[in-house]
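Structural description and commentary
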Amino acid sequence: MNLQSVYDRLWMPFTAHQDHADYPPVVMSRGAGIYLYGADGKRYIDAIGSWWVSALGHCNPKTSEAVRAQLDKLEHMSMAGFISEPTLELAEILGELLPKRLTKIFFSDNGSTAVEVALKIALQCHALRGSGRREIVALGGGYHGDTLGAVSAGSIPAFHGLFHERFKGQRFTDEPYCFRCPARMPSPQDCGAECMDSLSKILGEIGERVAACVFEPMVQGAAGMRVYPAKVLRKIFDICRRHGVLTIADEVATGLGRTGEMFACDHAGVTPDIMCIAKGMTGGFLPIAATAVSGEIYEEFKGSRLSPEKTFYHGHTFTGNPLASAAAVAHIKQLVDAGLPRSAEPVAKHFFESIMKFDGHPNISGIRHLGFIGAFELVKDKLTKKKFPAEERMPFRITQKALEKGLIIRPLGDTIYFTPPFNATVEEIDMMFGLTRDVIGVVL
Ligand SMILES: Cc1ncc(COP(=O)(O)O)c(C=O)c1O
């Protein structure tokens, strides 16, 4: 195979052309646990869980076995009037795990589609109520996927800026970004969730026109694993309730254990009207997603067969795919049987203590963690929190050097983050941070 001409043919996600040209993708041939192995045999620690999905490590044997067994039975069928056995089982298992209020589950096939489904259900629900609520409000700094509806509710300039021309009326709150607190609170102890006064203000102005508020609970992932306090989340719920605005918790990244609770909303003891889950469902085997909805919302969709406006006309070809469902059943059963994420608290604690040790470095600040999410920011000046000039490409240089040393990390802006599997060992965590320290020692 002429590798160069194949590389030239590829258009890689989230990758600038010149980087693709200068740094061709590493060809991987297999994975096991926290490791990926290159075609040349080189071993890499996958410190980012392959975009935060690998909750039980690569090629988890029980999930592999379940997918293999399903392969010989049924690979795919539509969900229009049919349902596969594993999809039924998945609905049952999720029904037991999800907050009791969320009684309806709509399956789709990735995080973005789970969010699209949520936004459309919220809008249609209000249309059915005849309420005139047509707007969506979103949290500043949020990311909800790359389809256009999800993009309309995202506010990371590099990802979304170009497209916002189309959504001029879209309103965003202040960013719940504790490291650079918009309310300039000196420390988290002083925080009264002032950043969400902006939500109060927006809903005070246009609340009667707002159908739903969409947010990533407890941690804004793509913005840089920005963990925010539970009181901020509770305030979002309080304000939305006061204004009759539906709450959409985008738990695509956080759902099913990543934050140390089964759902990030559990940290604040809140239940949304709609919840989206995806990444954590199969531990990385196959794409599937779910949008869970309250019974009160579903009530609006009940009615005569002859009232088409009451039907939710939405569905994806791979909705409820049997192979993905079988993977999800096997994966979630393992989480439940092992008492995860709680049973992994000792390793999560070690993970937290280890990342905190970077605090002594003069160019590392804003360390945050929650469950199996850890991150820090690179700063040129720790006192003023001044960033490195963009042209120095410090985060990129660090991740490239890490790759040389057999460590897969990826930057989110100036943030370096770690999302290892929940069943990583203390030794693996030590190895991951040991390599990180080496890399930082060379580059910074
Ligand atoms: C919070 C959140 N929502 C939605 C998405 C989109 O998911 P997907 O990439 O599967 O479309 C992501 C992906 O990173 C995410 O982090």
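Sequence order as written defines residue numbering, which begins from 1 separately in each chain. Given that this is a predicted model, residues contribute local features only at a pLDDT of at least 70 and side-chain atom pairs are listed and counted only at 80 or more, while totals for whole chains, interfaces and linings are drawn from all residues. Here the side-chain values reflect all heavy atoms present in the structure, with hydrogen atoms and water set aside.

Examining the overall build of the protein
Per the secondary structure count, the protein includes 15 helices and 17 strands. Against the compact-globule benchmark of 22 Å for 444 residues, the protein has a radius of gyration of 22 Å, which places it among compact chains. In terms of its C-alpha atoms, the protein occupies a principal-axis envelope of roughly 65 × 60 × 45 Å. Any two residues whose heavy atoms approach within 4.5 Å are treated as being in contact. The contacts in the protein between residues at least 6 apart in sequence include a share of 71% that link residues at least 24 apart. Strands are runs of DSSP state E lasting at least 2 residues, helices are runs of H or I lasting at least 4, and numbering of each runs from the N terminus. C-alpha atoms define the radius of gyration in this analysis, and the globule rule sets the expected value at 2.2 Å times the number of residues to the power 0.38.

Observations regarding helix H12 (residues 322-337)
The end-to-end C-alpha separation of H12 is 22 Å, in line with the 22 Å expected for 16 residues at 1.5 Å each. With a 1.4 Å probe rolled over the protein chains alone, any residue whose accessible area is under 20% of its type maximum counts as buried; one over 50% counts as exposed, and the rest are partly exposed. With 13 of 16 residues buried, H12 is to be regarded as a mostly interior element. In this structure Asn321 caps H12, since a side-chain oxygen of it lies 3.0 Å from the backbone nitrogen of Leu323. One or two steps after H12, the chain reaches Gly339, where phi turns positive at roughly 65°. A helix's residues, less one, multiplied by 1.5 Å, set its expected span. Residues adjacent in sequence count toward polar contacts only when both atoms are side-chain atoms; beyond that, a polar contact is any pair of N or O atoms within 3.5 Å, and within protein one must be able to donate a hydrogen and the other to accept it.

Re the sheet that holds strand S16 (residues 411-412)
Sheet strands pair via backbone hydrogen bonds, and the direction of the pair is either parallel or antiparallel. By the convention used here, strands pair only if DSSP detects at least 2 bridges between them. As summarised here, the arrangement of the four strands in space is S13-S14-S17-S16, forming an open sheet in which the pairing is antiparallel. This sheet does not close on itself; its edge strands, each paired only once, are strand S13 (364-370) and S16. Where S13 and strand S14 (residues 373-378) come together, five bridges link them in antiparallel fashion. Note that in S14 the partner of Ser365 across the bridge is Glu377. This element, helix H15 (residues 426-443), spans S13, S14 and strand S17 (415-418) of the sheet and lies at about 160° to S17. Geometry is summarised by axes, namely lines fitted to C-alpha atoms with helices restricted to the contacting stretch, and by angles between N-to-C directions that run from 0 to 180 degrees.

As for the packing of helix H13 (residues 345-356) against H15
The contact between H13 and H15 brings their axes to 10 Å, and the two run at 20°. Relative to H15, the element H13 lies roughly parallel. Between H13 and H15 lies a crossing whose hand is right-handed. Contacts between H13 and H15 involve Val347, His350, Phe351, Ser354 and Ile355 on the former and, on the latter, Val426, Ile429, Asp430, Met432 and Phe433. Throughout this description, any angle smaller than 35 degrees is read as roughly parallel, any larger than 145 degrees as roughly antiparallel, any in the 65 to 115 degree range as roughly perpendicular, and the remainder as oblique. What makes a crossing left-handed is the near helix being turned counterclockwise from the far one by less than a right angle; a clockwise turn instead makes it right-handed.

Things to note about the domain arrangement of the protein
Each assigned domain of the protein is listed with its residue range as follows: domain 1 (3-55 + 340-443) and domain 2 (65-337). Averaged C-alpha coordinates put domain 1 and domain 2 at centres separated by 26 Å. Taken together, the contact between domain 1 and domain 2 spans 28 residues of the former and 28 residues of the latter. Interface of domain 1 and domain 2: buried area, both sides summed, is about 2,600 Å²; carbon and sulfur atoms make up 63% of it. On the domain 1 side of the contact with domain 2, Trp52, Leu370 and Ile373 bury the most area, a combined 26% of that side's loss. Should a side-chain nitrogen of Lys or Arg be within 4 Å of a carboxyl oxygen of Asp or Glu, the pair is scored as a salt bridge. For the pair domain 1 and domain 2, the number of links is two salt bridges. Ionic pairing is found between Arg180 and Glu377, a salt bridge with its closest N-O pair at 3.8 Å. One can count twelve residue pairs in polar contact (both at pLDDT 80 or more) joining domain 1 with domain 2. Per-element tally for the side of domain 1 that touches domain 2: the top contributor is S13, with five residues. Put simply, Ala, Val, Leu, Ile, Met, Phe, Trp, Tyr, Cys and Pro go in the nonpolar bin, Asp, Glu, Lys and Arg in the charged bin, and everything else, Gly too, in the polar bin. Residue classes in the side of domain 1 that touches domain 2 are distributed as 16 nonpolar, seven polar and five charged. Domain borders in the structure are assigned automatically or taken from a domain database. We define buried area as the total accessible area lost by two parts upon association, computed with a 1.4 Å probe and summed across both.

Here we look at helix H6 (residues 111-129)
Its 19 residues give H6 an end-to-end C-alpha distance of 27 Å, which sits within 8% of 27 Å, the value for a rise of 1.5 Å per residue. Of all 19 residues making up H6, 14 are buried, and the element is well covered by its neighbours. One side-chain oxygen at the N-terminal end of H6 lies 2.9 Å from the backbone nitrogen of Ser112; it belongs to Asn110.

Description of the site of the ligand
Any residue with a heavy atom lying within 4 Å of a molecule or strand is counted as near it. Taken together, Trp52, Asn110, Gly111, Ser112, Tyr143, His144, Gly145, Glu216, Asp250, Val252, Ala253 and Lys279 make up all the residues around the ligand. The backbone of Gly111 places a nitrogen or oxygen atom 2.8 Å from an oxygen atom of the ligand. The Shrake-Rupley method, run with a 1.4 Å probe, gives the accessible areas here. Residue values count only the displayed protein chains as cover. Across the complex, the protein chains shield 82% of the 390 Å² of accessible surface that the ligand would expose by itself. Grouping the constituent residues of the shell around the ligand by class yields four nonpolar, five polar and three charged.

With respect to the side chain of Gln70
Within the secondary structure, Gln70 is located in helix H4 (residues 61-71). Each residue touching Gln70, except ones within four places of it in the same chain, is listed here: Pro86, Pro322, Leu323 and Ala326.

Re unusual backbone geometry
Omega for the peptide link from Leu340 to Pro341 comes to 5°, which places this bond in the cis form. Along the chain, the position of Pro341 falls in the loop between H12 and H13. Of note in this structure, Trp51 is not a glycine but carries a positive phi near 65°. You can see Trp51 is positioned in helix H3 (residues 49-52). Exposure remark for Trp51: the relative accessible area of 35% places this residue in the partly exposed category.

So, a nonpolar patch on the surface
For patches, a residue must show more than 30% relative accessible area and have no salt bridge; joins then use 9 Å for like charges and 5 Å for nonpolar side chains, namely Val, Leu, Ile, Met, Phe, Trp and Tyr. Together, Met1, Leu3, Val6, Leu10 and Val27 make up a nonpolar patch on the protein surface, roughly 480 Å² of accessible area in all. Take Leu3: its relative accessible area is 40%, and that puts it in the partly exposed class.

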